[in-house]
Amino acid sequence: MSTEIISNVWQRASAWSIAPHLFKVLLEWAGLIVGGTVLSFGKQDYQPYLLGLVLLVLPLLAVLRWRFTLFRRTEQGIELQQGWWSKQLLLLAQQRVQELEISQPPYLRPLKLYSLALDSAGSQQKEFALTGLSQAQLQALLGRPLTLVSTPSSTPFWRIWLATWYSLYLWLPMVAALGTLQSLLGNRIFGSLWQQLKQAFSDWQHSDHPLFWALLLLLAAVLGLALLLTALTFILLYPQHVQLEGGRWQLQHGTVLKKSQQIKAPLLQMVQISQPLLARGFGHYRLSLSGFGSQLQQSRFVLLGQTRAQVTQLLGQCWSQFADLLNAWQQPHWQRFAGQYFGRLQLYWWLSLLPVSALFIWLASTGWTAFGWLSIPLAFGSVFWWLWRGLDLALFRRYHGYQLTADVLLYWRAGLGQQWQLLPLWQVQQVRLVQSRLLQRHQLVQLQLATANGSVTLAAIPAAQAQAIYQQVLRLTRSVV
Amino acid sequence: MDSFATKNAPAEPVDSAHVAPDGQPVDNALLSQTFIDDVCLTQPLPAQWAGLAAAALPKRLLQRLLIALTVCTISFAASHRVFAYIDWPLIVLPLLLVLALWLGMVPLQLRHCRYVLRQRDFIYCHGLLWRKADLLPLRRVQHVTVSQGAIQKLFDLATLELYSAGSSGAEIKLADITHHEAMVLSELLSALIPQDEPPLAAVTSSVTPPSAEQRHVD
C-alpha cells in the first residue's frame, strides 16, 4: 500500500471494522432487543420476529454503516462522510486538529489495523473517529509517516505497579471490569468466594487465635488486591512510553489494551505533579499533562512511577525555567495564603469533632453492636480520619506557596502528600473570584484560574494581587490554535 | 431607545470604549482601582454595572412557588395516608417557614446580581453569602446563546449563556434579563469576538454521496 498522501480520493476502512459497527448497533438497539426478549418469553409468536431482527436487520445496519462511511484527505484537511439514510459531511481543517488518539484494540492487533480519533477546538464539537484503518491509510489521513515503533524505554513495571496502590482513580476501571466479569460468569464464582470469606470471618471470630486468623485474612486480602493490580498494570498501563517529538507529546501505554495519545506542546493546558504519601517513601511522582479538552474527550496524560530526575527532565522540556521546580519550594520567594484562612479551616476541623465524637459515643453506648462487626472499625476509623485531617491541615499551613512568573503560575501544596501545579496564564479561559464574609473583612479573595482542562485555585490572596494576576491574564490571553 | 447602540461594533478593541447599558462609555480601566475591592462588592453599585430586569423578581417568586407546589403535591400524593396520622401544625408550620425563607432570599440575590461588558472581558457578579465574580476574556468566548423558558416568556425575560473553548457547559449564565437586552448583548458579543482567528473548523451538512469514480475502495 502506497504511503503517499492520497488526496481527493474517497476511501473506506477495512471490512473488519464491521465488527465495531455491529457492536455500536447492538448498543443502540439494546432497548428494543431487551423489550423483544421479554415479550417473546411471554408470547411465543414474537420469537421469530425478534430472531429475524437480531440475525438479519442489525448486521445489515452494521454493514450499511461501514459501506457508507468514507474518508479522504484534501488540501483543506480531512473529510468524513457517513450515513446512508441521513448523510453527513464533516470537514476538519488540519490546523484545527487539537488532539489525536491512535489506539489498537486487541482484536485489531493481529490484523495490523488501527483506530483513529481526532478532536478539534471548542465545546460541543463532533469527534472524528474511524476504526479499522491500515497503517497506510492512517499515514495518508495524517499526511505524514507514522512511527509506531522505536519508542523510548518504558517506566519499569514495578514502579507502575506500585503507583496503582496510591492512585485510587485507577481502581475504578478495575471495579468495573470485575463487575462485568461477575455479570458474565454469574454468581457462581463470586458467590462462592463471598460465602467462603464469610465462613473464614466467622471462624476467626470464634477461634482460639483470633489475632492469627485476622492477620491471615488481612494478608490474603492484600495478596488478592496485589494480583488484581498486577493484572490491571499489565493490561492497561505497562509499558509506558513518553516523548516530545515534532512539537507533540506522545504517550503510549498498555499491553492488552494499548493506547496512544498525542498533545500539541503549545496547547498544554496544565501540568500537575503529585506525590501521595506512599509515593514519598519511594521517591516517586505522578506527572499529569493536561491537553486541550472537549465535551467528548478530556485528554490527560498521567505518567506513573516517575523519579525526580525524570520529572525534572520532562519539566525542562515543557518549560526550561522550571526544570528545578521540585527543589524550588525551599526558596523564600514563594508567597503564602493569608493566616486568617487557615484559622477558619482549623475552626471547621474542630467543629467536625462533634459528629465524630457523637458517632463514637453512640456506638460505644450500644455496646459496639449497632452495625455488627463494623461498629468498632467505624468508630475508630472516624477518629483516625479526624486526626489524619488535622495533621494534613497543619502540614498544609506550614508547607505551601505560590509564585507568579511572567506567564506561568506555580502552586505548591504539601500536606501528607505533595502537589505542584503549573498553569500557563495564556491558556486561561475563565477567572472566578469568590469572597466569603471572612475574606471580605480582610480584603482577601479566592482566585480560580480555569483552562480548558484543569484549574488552579489560590485560596486566600490579597484582592489587589488577584487583580494584578487577572490583568496579566488579559494581556497574555491569545487564541487557542 | 436602544441602550446597546453599537450594533455594528468593530471586531477589534479600539481606543474608544463601547456603550454600556446606561449609554455611558465603558473602558477597561473602569473600576480598576476598586474592581475587586470589597467596597465595590458590598457597597451600592456604580452606574456602569447593569442589574437584572425588574421582572426577574416576580418571575423567580412564581417559579419557586410552582416548584414548592409541585413538591408538596407529589409528597402528599405519595404518602397521604401517613399525613392522616400526623399532627398538621408540626408539618405545615416548618414548611411554611422554609418556604418563606426561600422566597425571601430572592430579592436579596437579585440585588447582588450585576454584569458589565467591557472592552476586553465580560464580568458577572452574583452570590449572597459567598460573593462570586466570573470574568471571561472576550478572546475566550467561542459562542453565545440566548434561551427562553416557559415562565421567562410570560415576563419577556431570557437567559444569556457564554461558552468558552473546552467547556462542557456555559462559562457564564446570565439568567432573567430582558429578552431584548439578551439579543442585543448576544449580537454585541458576537461582533466583539476577535475575528483574527480562522473560521470554525468542523462543519456538518447534508450532501449527496460522491459518484462512483470519486471513490476509492481500499
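Look up: the structure comes first, before these words.
Everything numeric in this text was worked out from a predicted model, so none of it was measured.

Moving on, we come to the overall build of chain A. Across its full length, chain A carries 16 helices and 18 strands. In chain A, which comprises 481 residues, the proportion classed as buried is 43%. Taking the intrachain contacts of chain A between residues at least 6 apart in sequence as the baseline, contacts between residues at least 24 apart amount to 55%. Element-wise, carbon and sulfur atoms account for 65% of the exposed surface of chain A, whose accessible area totals about 24,300 Å².

A few words now on the sheet that holds strand 17 (residues 444–451) of chain A. If you walk across this open sheet you meet the seven strands as 18(A)-17(A)-16(A)-6(B)-5(B)-4(B)-3(B), and the pairing is antiparallel. Single-partner strands in this sheet number two, and they are strand 18 (454–462) of chain A together with strand 3 (50–51) of chain B. Here strand 17 of chain A pairs with strand 18 of chain A via seven bridges, running antiparallel. Looking across to strand 18 of chain A, one finds that A:Val445 is bridged to A:Ile461. Packing against the sheet, helix 5 (residues 179–192) of chain B makes contact with strand 4 (114–117) and strand 5 (121–126) of chain B, and its axis sits at approximately 40° to strand 4 of chain B.

Residue and element names in this part refer to chain A. Under the defined criterion, the tally for this structure stands at 18 aromatic pairs over all chains. One aromatic cluster is present, formed by Phe337, Tyr341, Phe342, Phe396, Tyr402 and Tyr411 through successive ring pairs. Cation over ring: Arg67 sits above Phe68, and NZ or CZ is 5.9 Å from the ring centre.

Quick look at the sheet that holds strand 11 (residues 285–290) of chain A now. Residues and elements named next belong to chain A. Taken in spatial order, the six strands of this open sheet run 12-11-10-15-14-13, and their pairing is antiparallel. Since the sheet does not close on itself, it has two edges, and those belong to strand 12 (300–306) and strand 13 (400–404), each with one partner. Between one strand axis and the next, the sheet turns through 10° on average, direction left out of account. Sheet topology places strand 10 (residues 270–275) next to strand 15 (residues 418–424); five bridges connect them, and they run antiparallel. In the strand pairing of strand 15, Ser274 is matched with Gln419. Docked against the sheet, helix 5 (residues 157–166) engages strand 11 and strand 12, running at close to 110° with respect to strand 12.

Residue and element names in this part refer to chain A. Phe337, Val431, Leu433, Leu447, Leu449, Leu458 and Ile461 are the most contacted members of the largest nonpolar core, which has 38 residues in total. The contact partners of Leu447, leaving out residues within four places of it in the chain, are Val431, Arg432, Leu433, Val456, Thr457, Leu458, Ile461, Ala466 and Ile469. Of all hydrophobic cores here, the second largest spans 27 residues; its members include Leu251, Ile273, Leu287 and Leu325.

The subject of this paragraph is helix 4 (residues 135–142) of chain A. Residues and elements named next belong to chain A. The element helix 4 is extensively covered by neighbouring structure, given that seven of its eight residues are classed as buried. When we look at burial in helix 4, the residues that qualify are Ala136, Gln137, Leu138, Gln139, Ala140, Leu141 and Leu142. Positive backbone phi, at 80°, marks Gly143, one or two positions downstream of helix 4.

Calculation rules
- Residues numbered from 1 in each chain as written.
- Chains lettered and ligands numbered in written order.
- Predicted model: local features only at pLDDT ≥ 70, side-chain atom pairs only at ≥ 80, totals over all residues.
- Heavy atoms only, no water.
- Helix = DSSP H or I, 4+ residues; strand = E, 2+ residues; numbered from the N terminus.
- Buried < 20%, exposed > 50% of the residue type's maximum accessible area, 1.4 Å probe, protein only.
- Contact = heavy atoms within 4.5 Å.
- Areas by Shrake-Rupley, 256 points an atom, 1.4 Å probe, with all protein chains shown as cover.
- Pairing = 2+ DSSP bridges.
- Axes fitted to C-alpha atoms, helices over the stretch in contact; angles between N-to-C directions.
- Phe/Tyr/Trp six-rings, centres within 6.5 Å; stacked < 30°, edge-to-face > 60°.
- Lys NZ or Arg CZ within 6 Å of the ring centre and 35° of its normal.
- Core = buried A, V, L, I, M, F, W, Y, C linked by side-chain atoms within 4.5 Å.

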